[in-house]
Amino acid sequence: MSETYKESFKVAGQQLVEAVKKLVHEGNVRRVTIKHGEHTIAEFPLTVGVIGAVLAPLLAAVAAIAAATQECTVEVERIDKPAGRQGAA
């Protein structure tokens, strides 16, 4: 059975689109949540095989969020922890 785990990191507004693109291409991401402070701004469920037709509107929304924020936190829900990261702090 697949396990999920969450991680989060902070990014500057102008780096948000690139960070989300990278996450989409990793393939083991189930959900991306963008927060500003304690407030959730956007939450995107991702499925295996996200294609350009779905990705374009998602990235347009992320770009609009990036334009409106200086810094935000990206929370990522992943499937199956990578072997190289087990036990890492």
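We now turn to the structure provided with this report. (Residues numbered from 1 in each chain as written. Predicted model: local features only at pLDDT ≥ 70, side-chain atom pairs only at ≥ 80, totals over all residues. Heavy atoms only, no water.)

The next subject is the overall build of the protein chain. Along its length, the protein chain carries two helices and four strands. Along the chain direction, N to C, the helices and strands of the protein chain fall in the order β-α-β-β-α-β. For the protein chain, with 89 residues in total, the buried portion stands at 35%. Nonlocal contacts in the protein chain, meaning residues at least 24 apart in sequence, comprise 73% of its contacts between residues at least 6 apart. Approximately 5800 Å² of the protein chain is accessible, and the part contributed by carbon and sulfur atoms is 53%. (Helix = DSSP H or I, 4+ residues; strand = E, 2+ residues; numbered from the N terminus. Buried < 20%, exposed > 50% of the residue type's maximum accessible area, 1.4 Å probe, protein only. Contact = heavy atoms within 4.5 Å. Areas by Shrake-Rupley, 256 points an atom, 1.4 Å probe, with all protein chains shown as cover.)

Before going further, it helps to examine the sheet that holds strand E4 (residues 71-79). Strand order in the open sheet formed by four strands is E1-E4-E2-E3, with antiparallel pairing between adjacent strands. Edge positions in the sheet fall to strand E1 (4-12) and strand E3 (39-45), since each has one partner strand and no second. With direction set aside, neighbouring strand axes in the sheet form an average angle of 20°. When strand E2 (residues 29-36) meets E3, the two strands line up antiparallel, connected through six bridges. Paired with valine 32 across the two strands is phenylalanine 44, which belongs to E3. Of the strands in this sheet, E1, E2 and E4 touch helix H1 (residues 16-26), which is tilted by about 0° from E4. (Pairing = 2+ DSSP bridges. Axes fitted to C-alpha atoms, helices over the stretch in contact; angles between N-to-C directions.)

Summarising the element assignment, cysteine 72 is placed in strand E4. You can call cysteine 72 buried: its relative accessible area is 1%. Taking the C-alpha atoms as reference points, cysteine 72 and glutamine 15, separated by 57 residues in sequence, lie 9.9 Å from one another.

Attention now moves to the environment of alanine 60. Note on placement: alanine 60 falls in helix H2 (residues 52-68). A C-alpha to C-alpha distance of 8.7 Å links alanine 60 and valine 17, two positions 43 residues apart in sequence.

Two side chains of opposite charge can pair, provided their charged atoms sit close to one another. In total, this model carries seven salt bridges according to the counting rule given. Of the charged contacts in the structure, one is a salt bridge between glutamate 71 and lysine 10, with a shortest N-O distance of 4.0 Å. Of the two residues, glutamate 71 is situated in strand E4 and lysine 10 in strand E1; the sequence distance between them amounts to 61 residues. Using a relative accessible area of 58% as the deciding quantity, one classes lysine 10 as exposed. Each of Glu7, Glu26 and Arg78 takes part in a single network of salt bridges with overlapping partners. (Salt bridge = Lys/Arg side-chain N within 4 Å of Asp/Glu carboxyl O.)

Everything listed here is a matter of coordinates, which is why it stays silent on function.
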